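What follows is each chain in one-letter form.
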Amino acid sequence: MSSILEYSLFIINFSLTLVKYGLWDYNENMIKIETVLTILKQDHNFREILTNNEYAYHASNILFDSLSYDSRCITPSTLFFVKGATFKREFLETAVKEGLTWYVAEHDYQVGIPVILVNDIKQAMSLIAMEFYDHPERKLKLLAFTGTKGKTTAAYFAYKILEQSQRPAMLSTMNTTLDGKTFFKSTLTTPESLDLFSMMAEAVKNQRTHLIMEVSSQAYLVKRVYGLTFDVGVFLNISPDHIGPIEHPTFEDYFYHKRLLMENSHAVVINSEMDHFDLLKEQVRNRPHDFYGKQSKNQILDSEAFSFSTNGRLAGEFQIQLIGRFNQENALAAGLACLRLGATLSDITTGIAKTSVPGRMEVLTQRNQAKVFIDYAHNGDSLQKLLSVVQEHQKGKIALVLGSTGNKGESRRRDFGILLNQHPELEIFLTADDPNYEDPLAIANEIASYISFKVTTIADRKTAIQTAMKLTSNENDAVIIAGKGADQYQIVNGKKETYPGDRAVAENYL
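Residues numbered from 1 in each chain as written. Predicted model: local features only at pLDDT ≥ 70, side-chain atom pairs only at ≥ 80, totals over all residues. Heavy atoms only, no water.

A tally of helices and strands in the protein chain yields 16 helices and 25 strands. The C-alpha radius of gyration computed for the protein chain amounts to 25 Å, which stays within 12% of the reference 24 Å derived for 510 residues, consistent with globular compactness. Across its three principal directions, the C-alpha atoms of the protein chain cover 80 × 50 × 45 Å. With 510 residues in all, the protein chain has 55% of them scored as buried. Relative to all contacts within the protein chain whose residues are 6 or more apart in sequence, the contacts with residues 24 or more apart total 67%. Accessible surface computed for the protein chain: about 21900 Å², of which carbon and sulfur atoms make up 47%. Counting 52 positive and 60 negative side-chain charges, the protein chain places the centres of these two groups 3 Å from one another. (Helix = DSSP H or I, 4+ residues; strand = E, 2+ residues; numbered from the N terminus. Rg over C-alpha atoms; globule rule 2.2 N^0.38 Å. Buried < 20%, exposed > 50% of the residue type's maximum accessible area, 1.4 Å probe, protein only. Contact = heavy atoms within 4.5 Å. Areas by Shrake-Rupley, 256 points an atom, 1.4 Å probe, with all protein chains shown as cover. Lys, Arg positive; Asp, Glu negative; His and termini not counted. Charge placed at Lys NZ, Arg CZ, Asp CG, Glu CD.)

What follows concerns the nonpolar core. Ranked by size, the top nonpolar core spans 61 residues in total, and within it Leu79, Ile116, Ile128, Phe230 and Ile270 carry the most contacts. Those residues within four positions of isoleucine 116 in sequence are excluded, and the remaining contacts are Ile33, Val36, Leu37, Leu40, Phe46, Glu48, Ile49, Leu79, Trp102, Tyr103, Val104 and Ala105. (Core = buried A, V, L, I, M, F, W, Y, C linked by side-chain atoms within 4.5 Å.)

The element strand β20 (residues 398-402) is extensively covered by neighbouring structure, given that five of its five residues are classed as buried. Burial along β20 is two-sided: Ile398, Leu400 and Leu402 facing one way and Ala399 and Val401 facing the other are all buried. As judged from the four bridges shared by β20 and strand β23 (residues 478-482), these two strands associate in the parallel manner. Bridge pairing in β23 places leucine 400 opposite isoleucine 480. Pairing of β20 with strand β21 (residues 427-430) involves four bridges; the strand directions are parallel. Bridge pairing in β21 places alanine 399 opposite glutamate 427. In this region the chain leaves β20, passes through helix α13 (residues 411-420) and returns to the parallel neighbour β21; the handedness of that crossover is right-handed. (Pairing = 2+ DSSP bridges. Right-handed = clockwise from strand over helix to strand, strands pointing away.)

For the protein chain, the average pLDDT comes to 91, and 94% of its residues sit at 70 or higher. For the stretch residues 1-5, pLDDT sits under 50, and the model shows 11 contacts to residues farther than four places along the chain or on other chains. (pLDDT = per-residue confidence, 0-100.)

Bringing the pairing of strand β15 (residues 300-303) into the picture now. Both β15 and strand β16 (residues 307-310) contribute to a ladder of two bridges, which runs antiparallel. Opposite serine 303, over in β16, you have phenylalanine 308 as the bridge partner. Counting the residues between successive antiparallel strands, the hairpin from β15 to β16 contains three residues.

Helical periodicity: at 3.6 residues per turn, an α-helix aligns residues three or four positions apart in one direction. Residues of helix α15 (residues 461-469) that are buried: Arg461, Ala464, Ile465, Ala468 and Met469. Looking straight down α15, one finds its buried side chains confined to an arc of 125°; they lie on one side. Along its buried surface, α15 packs onto β19 (371-375), β20, β21, β23, β24 (489-492) and α16 (502-508). (Arc of directions from axis to C-beta.)

Pairing within the open sheet is parallel, and its six strands lie in the order β10-β11-β9-β12-β13-β14. The open sheet has two edge strands, β10 (168-171) and β14 (289-292), and neither has a second partner. Between one strand and the next, the sheet's axes are offset by a mean angle of 15°, whatever the strand orientation. The sheet contact formed by strand β9 (residues 141-146) and strand β11 (residues 210-214) spans five bridges and is parallel. In the strand pairing of β11, leucine 143 is matched with isoleucine 212. Relative to the sheet, helix α5 (residues 151-162) contacts β9, β10 and β11, its axis offset from that of β11 by approximately 170°. (Axes fitted to C-alpha atoms, helices over the stretch in contact; angles between N-to-C directions.)

Put simply, α5 and helix α10 (residues 325-340) touch, their axes get as near as 8 Å, and they point 45° apart. By the angle between their axes, α5 is oblique relative to α10. Between α5 and α10 lies a crossing of right-handed hand. Side by side, α5 and α10 meet where Thr153, Ala154, Phe157, Ala158, Ile161 and Leu162 of the first sit next to Asn327, Asn330, Ala331, Ala334, Gly335 and Cys338 of the second. The residue inventory of the contact of α5 with α10, partitioned by class, reads eight nonpolar, four polar and no charged. (Parallel < 35°, antiparallel > 145°, perpendicular 65-115°, else oblique. Left-handed = near helix turned anticlockwise from the far one by under 90°. Nonpolar A, V, L, I, M, F, W, Y, C, P; charged D, E, K, R; others polar.)

Here's what the structure looks like:
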């Protein structure tokens, strides 16, 4: 072995000696290098170990007590993963100076320490994280939701249902909880695999029984959930979204990666009214399944603003806080999924009645009795449903405040424009919504280019909301604020800038 490898062994063994005599605190999880290599070889994802152009197929007598993909978070006994197209060699060089002794990568960066070369770094991260955290996924009942829209709302319904008799944890874009008490917002819809399994382990440590997750198409595209099998997977709907240079190249690619959840779930629940349902029906016919919607035995019968009734496996009457048939569909999907996880009809009825979601169909009332609807609708399909619900209840003047994100989901701009062109009755205010490195007015003008009537563009979102709210005069009027929901930030030039949130801004102008 090279002198570098011998040095690595010395550093790690020295660290373990400190642990043995209580002179150094440590993570209770550890993994042997032999185990790491075995996992990679079994997954046909191992190439070789390289150290200064010396090749090796085996290594032994090394323990890692932490995993990381952040070069700022390492110790001599960290197994470091090089991931991402923007990763720079200098990050690794700095980590080596800080004591890093081993890393896993798809390329040899030649920084003087051993590299475990793999074909796919994301696959390696997921499988090694599972083992490192002692397979927490086997100690929880896993429920996953996918779909273009409604994942967060459905996850909230499931959380409230399971909370009636179980101890669920939840990973959601709005609120994540690993103990049922503390809630925080996630950066990604589905966390990176190292973070995901760490969070699962924390949930197990907190004696959680179930984990509810939102699983995005990106999670499968970049293999954040590689090797993971869910107890129940739910497919809510599909429409073109997340199509662009840094996301999915085509709708087919987007739809395919969404469907991977069906392949990786023991049982599935699918909306029979969604586009391309016949394909999904064939795909899952040999595994346990529930369909809901008009082409199924599980249907919504009578639908009122705050109640609905169903037949089929969940036959009964339900009270609901969230208006709109699409929210009732999300509740039905969550109920069917939870039924497969042991929830009773009483749990489901109570849980649905108790569910509210920050930034999802929140309703405020102005002094003049006009309504303000705040919703996360951020693509053409969800905006269309939102407009339909509001116009069903509000028959007066309706103002819409809307933007579209910069540097992602570019296809939404055309979708918004084409949809809004069908609604000349609206007073439309186009504004900023996470413009990132783009000019918010340029994004607004791109949306406006598809609209044949006059709209107003205002770069500042707070000003746009205030201006729209001034147009209302009575109880029949409404303002719809779409896109950001409960987000309390604006992404500008790659950074999150403080923003009070749409609800707080609206409340300030009531």
